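Survey of secondary and tertiary structure
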Amino acid sequence: MVHVAYNVSRDEKGNRLISEHWIGIVAQVNFWEMVKSTEPIPIAVMAVLLLFSLLSWTVIFSKWFMFRRAAAANKSFLRAFRKAERMDAIAAASQQFTDAPLVAIFDFGYAEVHRQVTKRGSIANPVALERTLQLGISEEISKLERNMSWLATAATVSPFVGLFGTVFGIIEAFQALGLSGSTSMRTVAPGIANALFATALGLFAAIPAAVFYNYFGNSIKVMGTRMEDFSLEFLNAAERMFEG
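First things first, this report covers the structure right here in the doc. (Residues numbered from 1 in each chain as written. Predicted model: local features only at pLDDT ≥ 70, side-chain atom pairs only at ≥ 80, totals over all residues. Heavy atoms only, no water.)

**Let's talk about the pattern of salt bridges**
For the structure shown, the criterion picks out 7 salt bridges. For the salt bridge of Arg-86 with Asp-88, the shortest nitrogen-to-oxygen distance reads 2.4 Å. Using a relative accessible area of 53% as the deciding quantity, one classes Arg-86 as exposed. Between Arg-115 and Glu-112 there is a salt bridge; the shortest N-O distance is 2.5 Å. Remark: Glu-112 and Arg-115 occur in helix H5 (residues 101–120); sequence separation between them is 3 residues, near one turn of the helix. A residue is classified by how much of its surface remains accessible, and Arg-115, at 43% relative accessible area, is partly exposed. Taking the relative accessible area as the measure of exposure, Glu-112 reaches 10% and is therefore buried. The network of salt bridges with shared partners includes Arg-82, Arg-226 and Glu-233. (Salt bridge = Lys/Arg side-chain N within 4 Å of Asp/Glu carboxyl O. Buried < 20%, exposed > 50% of the residue type's maximum accessible area, 1.4 Å probe, protein only. Helix = DSSP H or I, 4+ residues; strand = E, 2+ residues; numbered from the N terminus.)

Here it is, written out as structure tokens:
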């Protein structure tokens, strides 16, 4: 029992020494001095990752507020649509809900209904109306998916850009070690710090992009289903109001 306890204590001490070793490496580095004294390639890697992160967060906040407005407007418009008794009344009320994707689909359908009713007095071609609604759904989904490819690119590419910076930083550390002939932490600290910083930036850019890409993708899927359901409601309402 004493021997086991001694081994555990020795392992804990070894782990603590390793942790203190790497903390000491990072602590000896002033990151601003590191950026000023580093090579152009690591600076370029950091700049690219910061740009990826900035653009990703811009897209994330933009999409977040857009989806919130769209969901709220959809809910309000759907309530008004179900209460209305006439298509022209719905068309007039729809101007209040311009952020709702359902309004755009309604506009597509209403234009086709108006064309058929004006020409023939009733909805003589429900298949054409259904196709028109599908075109509206496709257009709105395309709008919702705008800039999603950027999040996918950032989530996929950023870790590899960070990995490139990590590898370059380690190479730099070994070169400094070979040139100085010293094994002190101060010799390898700048290269190791560059490597760790590149890894952190890569993860900082990639993780939020991946998380929100999946989140927004699910939101688009839910809204797409809601649009499909609304197209059926519109067809029912149109047949009820303009049955031949």
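Structure's up, so let's keep going.
**Description of the nonpolar core**
The biggest cluster of nonpolar side chains holds 40 residues, and the ones touching the most others in it are Phe-77, Phe-81, Phe-106, Phe-230 and Phe-234. Considering each element in turn, this core owes the most residues, 11 residues, to helix H8 (residues 185–241). Sequence-distant contacts of Phe-81, that is, excluding residues within four places in its chain, are made with Ile-90, Phe-106, Phe-230, Glu-233, Phe-234 and Ala-237. Formed by 5 residues, the second largest nonpolar core is a distinct cluster that contains Val-45, Met-46, Leu-49 and Val-161. (Core = buried A, V, L, I, M, F, W, Y, C linked by side-chain atoms within 4.5 Å. Contact = heavy atoms within 4.5 Å.)

**A look at the environment of Leu-135**
Within the fold, Leu-135 resides in helix H6 (residues 126–144). Leu-135 gets classed as exposed once you look at its relative accessible area, which sits at 55%. Along the backbone, Leu-135 and Ile-105 are 30 residues apart, and their C-alpha atoms lie at a distance of 8.3 Å.

**Considering the environment of Ala-195**
Tracing the backbone shows Ala-195 in helix H8. With 33 residues separating them in the primary sequence, Ala-195 and Gly-162 have C-alpha atoms 8.3 Å apart. Excluding residues that lie within four positions of it along the chain, Ala-195 makes contacts with Gly-165, Thr-166, Gly-169 and Ile-170.

**Looking at the packing of H5 against H6**
When two helices pack together, their arrangement is given by the angle between the helix axes and by the axis-to-axis distance. The interhelical angle for the contact between H5 and H6, taken along N-to-C directions, is 155 degrees, at an axis separation of 9 Å. On the basis of their axis angle, the class for H5 and H6 is roughly antiparallel. The handedness of the crossing between H5 and H6 comes out as right-handed. Where H5 abuts H6, its residues Pro-101, Ala-104, Ile-105, Phe-108, Gly-109, Glu-112, Val-113 and Gln-116 lie against Ala-128, Leu-129, Thr-132, Leu-133, Leu-135, Gly-136, Ile-137, Glu-139 and Glu-140. Grouping the amino acids of the contact of H5 with H6 by side-chain chemistry returns 10 nonpolar, 4 polar and 3 charged. (Axes fitted to C-alpha atoms, helices over the stretch in contact; angles between N-to-C directions. Parallel < 35°, antiparallel > 145°, perpendicular 65-115°, else oblique. Left-handed = near helix turned anticlockwise from the far one by under 90°. Nonpolar A, V, L, I, M, F, W, Y, C, P; charged D, E, K, R; others polar.)

**Some remarks on H5**
The end-to-end C-alpha distance of H5 is 29 Å, a good match for the 28 Å that 20 residues give at a rise of 1.5 Å each. Listing the buried residues of H5 in full gives Pro-101, Leu-102, Val-103, Ala-104, Ile-105, Phe-106, Gly-109, Glu-112, Val-113 and Gln-116. The first or second residue beyond H5 is Gly-121, which carries a positive phi of 85 degrees. (Expected span 1.5 Å × (residues − 1).)

**So, the packing of helix H3 (residues 40–83) against H5**
Close contact between H3 and H5 brings their axes to 7 Å; oriented N to C, the two are set at 45 degrees. With respect to H5, the element H3 is oriented oblique. Across the interface between the two elements, Ala-70, Asn-74, Phe-77, Leu-78 and Phe-81 of H3 pack against Pro-101, Leu-102, Val-103 and Phe-106 of H5. Looking at the contact of H3 with H5 residue by residue, the classes come out as 8 nonpolar, 1 polar and no charged.

**Quick word on the side chain of Ser-56**
Tracing the backbone shows Ser-56 in helix H3. With a relative accessible area of 2%, Ser-56 lands in the buried category. The contacts of Ser-56, once residues within four sequence positions are left out, are Trp-150, Leu-151, Ala-154, Ala-205 and Ala-209.

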